[in-house]
Amino acid sequence: MPVALITGITGQDGSYLAEFLLGCGYQVIGMVRRSSTVTFERIKHIQDEITIVQGDLHDQSSLVDLMETYHPDEVYNLAAQSFVPTSFSQPVLTGEVTALGVTRILEAIRLANPQARFYQASTSEIFGKVREVPQCETTPFYPRSPYGVAKVYGHLITVNYRESHDLYAVSGILFNHESPRRGLEFVTRKITHAVARIKHGLAKEIHLGNLDARRDWGYAGDYVRAMWMMLQQEQPSDFVVGTGVTHSVRDFCDLAFSYAGLDYHDFLVQDERFFRPAEVDLLVANSSKAQQQLKWQPEVNFEGLIEMMVDADMRMVEKEIE
Ligand code: NAP
Ligand code: G4F
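As the structure is a computational prediction, the values presented were derived from the model and not from experiment.

Conventions used here
Residues numbered from 1 in each chain as written. Chains lettered and ligands numbered in written order. Predicted model: local features only at pLDDT ≥ 70, side-chain atom pairs only at ≥ 80, totals over all residues. Heavy atoms only, no water. Near = heavy atom within 4 Å. Polar contact = N/O pair within 3.5 Å; in protein donor to acceptor, adjacent residues only side chain to side chain. Areas by Shrake-Rupley, 256 points an atom, 1.4 Å probe, with all protein chains shown as cover. Helix = DSSP H or I, 4+ residues; strand = E, 2+ residues; numbered from the N terminus. Nonpolar A, V, L, I, M, F, W, Y, C, P; charged D, E, K, R; others polar. Domains from an automatic or database assignment. Contact = heavy atoms within 4.5 Å. Buried area = accessible area lost by both parts, 1.4 Å probe. Salt bridge = Lys/Arg side-chain N within 4 Å of Asp/Glu carboxyl O.

Near ligand 1 there are 25 residues, and of these T10, D13, R33, S82 and Y147 occur at the shortest range. Contact between ligand 1 and Q12: an oxygen atom at 3.1 Å from a main-chain N or O atom of the residue. Residue L78 places a main-chain N or O atom 2.9 Å away from an oxygen atom belonging to ligand 1. Out of a free accessible area of 900 Å², ligand 1 has 89% covered by protein chains. Contributing elements (two or more residues each) for the shell around ligand 1: α1 (12-23), β5 (117-123) and α5 (146-165). If one sorts the elements of the shell around ligand 1 by residue count, β5 sits on top with three residues. When the residues that make up the shell around ligand 1 are grouped by side-chain class, the tally is 10 nonpolar, 10 polar and five charged.

Structure, rendered in structure tokens:
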């Protein structure tokens, strides 16, 4: 039975990846950091099928211990401070976890488990103020936030360990991917959750920032398949993963409210607090390398994603008020 270690298993992607790997017959080890309350909401339905162990990307020895104890065949580093606005208010923490955390886990692999295959959760945020449209593996980086800068470091240190220490290490440059398990502070979930609350009379308005930013939004369940596929190749290589279709935040809002029979103009308040010091205006992926080499294709489109998220939030709110 192959063994996979997932950091960030309590996050959106970690939960979908764990489900996917269990379905493929893996033993799944999930690294969680210590907290004073339980953070297993997204994985409680599979908790009995996975091995949960404590560790933290701040703490080198915890990572070495994990490698020595479990000798995972595959390591998926999904843990990060992943929210862009927080990276402006906590840039040092973001650098510690999202940038240096990658070196710590690569060092643990190099020292204690060098045959492991390593996946780094890289991101389209590294393209930031984009130098070409659409963006592919060779598009120059121009990050626009401390998060984006930290992810450039994580991306390049992964390439460096591959080239210097002969590790099987890859960076997956994933564009925005969402789901009913997306954190409530990210714009898609913020909108679908607000739609459900407004529809049920629990809220009257939604406060948003820049409505003109464009993103290439896909479904998280599709993207975790691509992560696994990257680690099954003969040679390690980096891949861009996205749908190739871009929409504005305004489009997302319009469709989500319309799907619930509402007009977003009646509820939207533009709020300065949600604008960023520097914005990423336009992201759209050229995933032809992933399509050709991995044979990866997304299965859920933009409209399907919005419907799935609104439906799930409607059910959640209905349960709350029962
Ligand atoms: P997420 O929901 O924010 O999950 C982040 C995970 O990291 C959580 O499990 C969190 O644990 C864990 N974590 C944070 N700090 C940690 C630390 N110091 N030590 C150990 N674990 C720590 O993020 P996601 O959306 O699933 O994204 C997964 C990864 O892909 C992230 O690296 C993100 O930056 C990257 N990414 C995401 C997207 C996207 O659109 N979703 C696109 C490209 C790249 P707690 O539950 O304890 O907070
Ligand atoms: O949903 P967002 O916060 O996601 P963002 O910044 O694109 O980052 C996400 O995707 C990245 C991949 O490209 C990941 F690496 C990263 O970890 C994260 O998962 O914001 C999307 C857009 C931005 O342009 C933002 O300015 O929505 C705009 N926006 C407008 N009003 C808002 C809001 N974003 C948030 N979070 N909240 C608002 O009220």
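Once that is clear, we can look at the site of ligand 2. Surrounding ligand 2, one finds 24 residues, the nearest of these being T123, S124, Y147, R276 and E279. S124 has a polar side-chain atom sitting 2.6 Å from an oxygen atom of ligand 2. Calculation on ligand 2 without its partners gives an accessible area of 710 Å², and the protein chains cover 96% of this total. Of all the secondary-structure elements, those providing two or more residues to the shell around ligand 2 are α6 (187-199) and β8 (206-208). Looking at the shell around ligand 2 residue by residue, the class counts come to 10 nonpolar, seven polar and seven charged. Counting contributing residues per domain, the shell around ligand 2 is built from domain 1 (3-177 + 217-241) and domain 2 (184-216 + 245-282 + 300-321), each supplying no fewer than three.

The next thing to look at is the domain arrangement of the protein chain. Per the domain assignment, the segments of the protein chain are domain 1 (3-177 + 217-241) and domain 2 (184-216 + 245-282 + 300-321). Computed over C-alpha atoms, the centres of domain 1 and domain 2 are 27 Å apart. Listed per partner, the contact involves 18 residues of domain 1 and 21 residues of domain 2. Contact between domain 1 and domain 2 buries roughly 1800 Å² in total, counting both sides, with carbon and sulfur atoms accounting for 65%. Area buried by domain 1 at its contact with domain 2 is led by F83, R144 and W217, which between them contribute 45% of it. Scanning the region where domain 1 abuts domain 2 turns up one salt bridge. A salt bridge links R215 to E125; its shortest N-O distance comes to 3.9 Å. The interface formed by domain 1 and domain 2 contains two residue pairs in polar contact (both at pLDDT 80 or more).

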